[in-house]
Amino acid sequence: LIAPLVKAVNGTIVDCNTAYGGGRADSASHLKVLEAHGFSAIAPVDVMDADGTMNIPISGGTHLMEDVVGSHFANYDFVVNLAHFKGHAMAGFGGVIKNMSIGIASTAGKCLIHTAGASSTSPWGGAQDPFLESMAEASKGIVDYLGGNILYINVMNYLSVDCDCDNSPAAPTMSDIGILASLDPVALDQACIDLVYAASDGADLIERIESRNGLHVLEHGAAIGLGSRVYELVSID
């Protein structure tokens, strides 16, 4: 699913190291994972914080004044944010906002988002709503830095309540929905949320979202100018 799109745009597959350990916690191991999972065979891959970090200013943030990202991010002027929309144990759901905020942040940046600016060395112990707000704020920094040169795509398949980063994610209890795209990250994630709520088999994912107050990331994103929760859904079938 990924290869034709990446090749069509002559893209580079980018990521940053994790803050929770695992096989992507350091750049050398991370590159091996990218190779083992077939990404290196598709296109060039770039662990953006392999050579350090850079700070991006955030305008209008409540918790974060800067977003700490991989230094290689300066090499890019356009991003295709391709996300797998699904549930998440901490955020309630993960779509393009989570993909952009956590994915582009360096290890230290991830810690700062999770703790709403309290720690750059540990992602643990932060309060829930400030964490969600910080994801929206980090995303706002990325959008402003790139001047809005970002295309957002959510793939709504294998809709588990758990993230792909989970070693043993729960099996999906709802059917695949499809692929949505937008130039507005808030509108896109909101549209996907609405489709989950409209689905007859979305109860488990809805419970996961609501138990983590997941919609708050959209509320805060709209409040700080990241995007709009009002949208028009246009079918291209």
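Notes on the structure follow.

Definitions and cut-offs
- Residue numbers restart at each chain and count upward from 1, following the sequence in its written direction.
- Reporting of local features is limited, given that this is a predicted model, to residues whose pLDDT is at least 70; pairs of side-chain atoms are given and counted only at 80 or more, and all residues count toward the totals for whole chains, interfaces and linings.
- For the side-chain quantities, the full set of heavy atoms in the structure was used; hydrogens and water were omitted.
- Going along the chain from the N terminus, every DSSP run of H or I of four or more residues is numbered as a helix, and every run of E of two or more is numbered as a strand.
- We compute the radius of gyration over the C-alpha atoms and compare it with the globule rule, which gives 2.2 Å times the number of residues raised to the power 0.38.
- Think of it in three bands: residues with accessible area under 20% of the maximum for their type are buried, residues over 50% are exposed, and the middle band is partly exposed, with areas taken using a 1.4 Å probe on protein chains only.
- Put simply, buried Ala, Val, Leu, Ile, Met, Phe, Trp, Tyr and Cys residues joined by side-chain atoms within 4.5 Å make one nonpolar core.
- The contact definition used throughout considers only heavy atoms, calling two residues in contact when any of these lie within 4.5 Å.
- Only protein atoms enter the 1 Å grid, on which a cavity is a set of points fitting a 1.4 Å probe that cannot get out and a pocket is an open set with protein on both sides within 12 Å along at least 5 of 7 lines, lining residues being those with an atom within 4 Å of a point.
- Grid points are joined across faces, edges and corners, and a volume is the space filled by probe spheres set on the points.
- Amino acids are sorted into nonpolar (Ala, Val, Leu, Ile, Met, Phe, Trp, Tyr, Cys and Pro), charged (Asp, Glu, Lys and Arg) and polar (every other residue, Gly among them).
- Only C-alpha atoms enter the line fits that serve as axes; for helices the fit covers just the stretch in contact. Angles between N-to-C directions range over 0 to 180 degrees.
- Note on terminology: angles under 35 degrees are roughly parallel, angles over 145 are roughly antiparallel, angles of 65 to 115 are roughly perpendicular, and the others are oblique.
- Salt bridges are defined by distance alone: a side-chain nitrogen of Lys or Arg within 4 Å of a carboxyl oxygen of Asp or Glu.
- Two strands qualify as a pair provided DSSP detects at least 2 bridges between them.

**Some remarks on the overall build of the protein**
The secondary structure content of the protein amounts to 8 helices and 9 strands. Over its C-alpha trace the protein gives a radius of gyration of 17 Å, about what one expects of a compact globule, namely 18 Å for 237 residues. Across its three principal directions, the C-alpha atoms of the protein cover 45 × 40 × 35 Å. In the protein, which comprises 237 residues, the proportion classed as buried is 47%.

**Observations regarding the nonpolar core**
Counting 49 residues, the largest nonpolar core has Phe-73, Phe-85, Ile-113, Met-135, Ile-142, Ile-150 and Val-217 as its most contacted members. Among the elements that line this core, the one with the most residues is helix α5 (residues 128-145), at 7 residues. Every residue in contact with Phe-73, bar those within four places of it in the chain, is listed here: Met-48, Met-54, Ile-56, Val-79, Ile-104, Ile-142, Tyr-145 and Leu-146.

**Considerations on empty space enclosed by the protein**
Inspection of every chain in the model, using the stated rule, returns 1 cavity of 30 Å³ or more. Space inside the largest cavity adds up to approximately 40 Å³. Forming the boundary of the largest cavity are Ala-91, Phe-93, Ile-97, Lys-98, Met-135, Asp-189 and Val-217. Broken down by class, the residue content of the lining of the largest cavity amounts to 5 nonpolar, no polar and 2 charged.

**So, the packing of helix α3 (residues 96-104) against helix α6 (residues 185-198)**
Between α3 and α6, whose axes approach to 8 Å, the crossing angle comes to 130 degrees. Between α3 and α6, the angle is such that the two are oblique. Listed contacts from α6 to Val-96, Ile-97 and Met-100 of α3 are Pro-185, Val-186, Leu-188 and Asp-189. Residues of the contact of α3 with α6, tallied by class, amount to 6 nonpolar, no polar and 1 charged.

**Concerning the pattern of salt bridges**
This structure, assessed with the given rule, holds 3 salt bridges. Residue Asp-15 is joined to Arg-24 by a salt bridge in which the shortest nitrogen-to-oxygen separation is 2.9 Å. Overall, the relative accessible area of 18% leaves Asp-15 in the buried class. Asp-144 is paired through a salt bridge with Lys-140; the nearest N and O atoms lie 2.9 Å apart. Of this pair, Asp-144 and Lys-140 both sit in helix α5, separated by 4 residues, roughly a single helical turn. A relative accessible area of 38% places Asp-144 in the partly exposed class. Classification of Lys-140 by relative accessible area gives buried; the value is 9%.

**Let's talk about the sheet that holds strand β9 (residues 178-182)**
As summarised here, the arrangement of the 3 strands in space is β5-β8-β9, forming an open sheet in which the pairing is mixed. Across the chains shown, the open sheet's two edge strands, defined by having one partner strand only, are β5 (79-84) and β9. The sheet shows a mean angle of 15 degrees between the axes of neighbouring strands, taken without regard to direction. In terms of strand pairing, strand β8 (residues 150-156) meets β9 through 5 bridges, oriented antiparallel. Paired with Tyr-152 across the strands is Ser-182, a residue of β9. Each of β5 and β8 is contacted by α3, which is oriented at about 115 degrees to β5, the strand it contacts most. Contacting β8 and β9, α6 runs over the sheet at an angle of about 15 degrees to β8.

**Here we look at the environment of Ala-116**
Along the chain, Ala-116 turns up in the loop between α4 (107-114) and α5. As for Ala-116 and Lys-32, which are separated by 84 residues in sequence, their C-alpha atoms are 31 Å apart. With near-sequence residues (within four places) excluded, Ala-116 lies in contact with His-63, Leu-64, Pro-130 and Ser-134.

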